[in-house]
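Survey of secondary and tertiary structure
Take a look at the letters that make up each chain.
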Amino acid sequence: MDKQKFLSFNLGVRDTAVISLQHVTEVVQISLAEICAVPQVPSCVLGIYNWRGEMLWLVDLEEMLGYSSLSQGGNFLSKMMVIVLEIEGKFLGLLVRQFMDIEWLDTSQMKAPSTELFYSKMTPFLRGYFINNAEEMMFSLDVVAIIQSPMWAIHN
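Presented here is an overview of the structure given in this document. None of these values were measured; they are calculated from a predicted model. (Residues numbered from 1 in each chain as written. Predicted model: local features only at pLDDT ≥ 70, side-chain atom pairs only at ≥ 80, totals over all residues. Heavy atoms only, no water.)

**Some thoughts on the sheet that holds strand S3 (residues 24-31)**
Condition: Note on pairing: two strands pair once DSSP finds at least 2 bridges between them. Numbering of helices and strands starts at the N terminus; helices are DSSP runs of H or I of at least 4 residues and strands are runs of E of at least 2. Whenever a helix is involved, its axis is fitted only over the stretch in contact; in every case the axis is a line through C-alpha atoms, and angles between N-to-C directions fall within 0 to 180 degrees.
Read from one edge to the other, the open sheet built from 5 strands follows the order S3-S6-S7-S5-S4, with strand pairing classed as mixed. If you trace the sheet from one side to the other, it starts and ends with S3 and strand S4 (45-51), each paired once. Looking at each pair of strands side by side, their axes are set apart by 30° on average, direction ignored.

So, in structure tokens, the structure goes:
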């Protein structure tokens, strides 16, 4: 058994995703007014947030992965949860709807992602998926791939 701690959260209306806690620095709640919009960035980049005196890029994770944008329609939340990720001194904020839990998952039980199951936009950022006790699929996101995405190359 190779159990690791993961943070689980909602993706879209029905899906659940998990991210390994080892790359999660902090979880913060912010309001829309605190985000400074930036021109000429990919549409999934909402802007910059002043996080502990650092400029933190904020990404609408759902839009990045091929879901409809969090900012579309009436589901734009006045308060949003941000997962602050860090790898080798690079930080990125992922905006998500809501957190669910901290999960202990056995990484040897992770199944490989198959292209038929997922949005094509999502595939580069997936490590695989778990099936939980309720027989539901939980997508395991690849934090390194997200932070190192060519989408941000212009800004880092």
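**Here we look at the sheet that holds strand S2 (residues 15-20)**
Pairing is mixed across the open sheet formed by 5 strands, whose spatial order is S8-S1-S2-S10-S9. The open sheet terminates on both sides in strands that have one partner only, identified here as strand S8 (99-106) and strand S9 (126-131). Direction aside, the axes of adjacent strands within the sheet are offset by 35° on average. Across 3 bridges, S2 lies against strand S10 (residues 137-141) in parallel orientation. Note that in S10 the partner of Thr 16 across the bridge is Met 138.

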